[in-house]
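Chain and residue survey
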Amino acid sequence: DAGITQSPRHKVTETGTPVTLRCHQTENHRYMYWYRQDPGHGLRLIHYSYGVKDTDKGEVSDGYSVSRSKTEDFLLTLESATSSQTSVYFCAISELSSGRGTQYFGPGTRLLVL
Amino acid sequence: QKEVEQNSGPLSVPEGAIASLNCTYSDRGSQSFFWYRQYSGKSPELIMSIYSNGDKEDGRFTAQLNKASQYVSLLIRDSQPSDSATYLCAVKARGGNKLTFGTGTQLKVEL
């Protein structure tokens, strides 16, 4: 299994509070991604990173920010959580030079915003 | 039109039968194609990747790609109850670094 961990694995928070989710990898892969998964919508890309301090938006980036200060860590911040951000969040990693873009997923974080 | 489309199912097959899962995509420039399996409450797990037209076999799994018709399929032979899961199709555009996922097909293998 790809060495990817996510923390916390479960979180309950209140509307309006900031929340930070962490993704940590031990594979030294260049690319890291944050997705959310909701019934009927599948996996949707929030933000991704193509290197330290290099990030870009995905299709559902509003209300989210990211940071990557080290190759191994990619943080996702919900600046002011809303109930619509209740979801399961997955981190993924990829090394495009091999496997033609194959992504490997972390175990996920279940977030409930009350 | 969704970029990657899958029938949501559920697709029910008896144990030992062949399960056939289909996926169509809209971007003709797509380059790489992936099938992920996701058990309930778990994260997606890669089971097959395919990059060129034709068939690719790995154990009980066969991926089929037809770029002219813009579809990719996954065949599971000798289906087992442990194959019951949601199968996600993912597509990468040429030159891109992102995957676009379908919403998945739920497979149920019945005893």
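The following paragraphs examine the structure supplied in this document. If you're wondering where the values come from, they're calculated on a predicted model, not measured in any experiment.

1. Thoughts on the environment of Ser49 of chain B
Residues and elements named next belong to chain B. Checked against the element boundaries, Ser49 lands in strand 5 (residues 45-50). With a relative accessible area of 12%, Ser49 lands in the buried category. For the pair Ser49 and Phe34, spaced 15 residues apart in the sequence, the C-alpha separation amounts to 4.4 Å. Other than its neighbours up to four places away in sequence, Ser49 contacts Phe33, Phe34 and Lys56. Here the side chain of Ser49 touches Tyr51 through a polar contact of 3.3 Å, side chain to side chain.

2. Focus on the sheet that holds strand 3 (residues 19-25) of chain B
Backbone-to-backbone hydrogen bonds pair the strands of a sheet. The strands run either parallel or antiparallel. Spatial ordering of the open sheet is given by 1-3-8-7-6 (chain B), a layout of 5 strands whose pairing is antiparallel. The sheet is open, and its two borders are formed by strand 1 (4-5) and strand 6 (54-58) of chain B, each paired with just one other strand.

3. Concerning the nonpolar core
Residue and element names in this part refer to chain B. In this structure, Trp35, Val72, Leu74, Ile76 and Tyr87 are the most contacted members of the largest nonpolar core, which totals 23 residues. Of all the secondary-structure elements, those providing two or more residues to this core are strand 3, strand 4 (30-38), strand 5, strand 7 (61-66), strand 8 (71-76), strand 9 (85-93) and strand 11 (105-110). Those residues in contact with Ile76 that lie beyond four places of it in its chain are Ala17, Ile18, Ala19, Leu21, Arg60, Phe61, Asp83, Tyr87 and Leu107.

4. With respect to the packing of aromatic side chains
On inspection of all chains with the given rule, the structure shows 15 aromatic pairs over all chains. Pairing Tyr35 of chain A with Phe105 of chain A gives two aromatic rings, centres 5.6 Å apart and planes at 40°, and the pair type is tilted. With Tyr35 of chain A in strand 4 (residues 31-38) and Phe105 of chain A in strand 10 (residues 103-105), this residue pair connects regions lying 70 residues apart in the sequence. Phe105 of chain A shares its class with Tyr35 of chain A; the two are buried. Both rings, one in Phe34 of chain B and one in Tyr36 of chain B, keep their centres 6.5 Å apart while their planes meet at 45°; by these two values the pair is tilted. Assessed through its relative accessible area of 0%, Tyr36 of chain B is described here as buried. A connected cluster of aromatic rings, assembled from ring pairs, spans Tyr31, Tyr33, Tyr35, Tyr48, Tyr50, Phe90 and Phe105 of chain A together with Phe34, Tyr36, Tyr51 and Phe101 of chain B. Here the basic side chain of Arg60 of chain B rests over the ring of Phe61 of chain B, its NZ or CZ set 5.6 Å away from the ring centre.

Criteria and thresholds
- Residues numbered from 1 in each chain as written.
- Chains lettered and ligands numbered in written order.
- Predicted model: local features only at pLDDT ≥ 70, side-chain atom pairs only at ≥ 80, totals over all residues.
- Heavy atoms only, no water.
- Helix = DSSP H or I, 4+ residues; strand = E, 2+ residues; numbered from the N terminus.
- Buried < 20%, exposed > 50% of the residue type's maximum accessible area, 1.4 Å probe, protein only.
- Contact = heavy atoms within 4.5 Å.
- Polar contact = N/O pair within 3.5 Å; in protein donor to acceptor, adjacent residues only side chain to side chain.
- Pairing = 2+ DSSP bridges.
- Core = buried A, V, L, I, M, F, W, Y, C linked by side-chain atoms within 4.5 Å.
- Phe/Tyr/Trp six-rings, centres within 6.5 Å; stacked < 30°, edge-to-face > 60°.
- Lys NZ or Arg CZ within 6 Å of the ring centre and 35° of its normal.

By themselves these figures say nothing about function.
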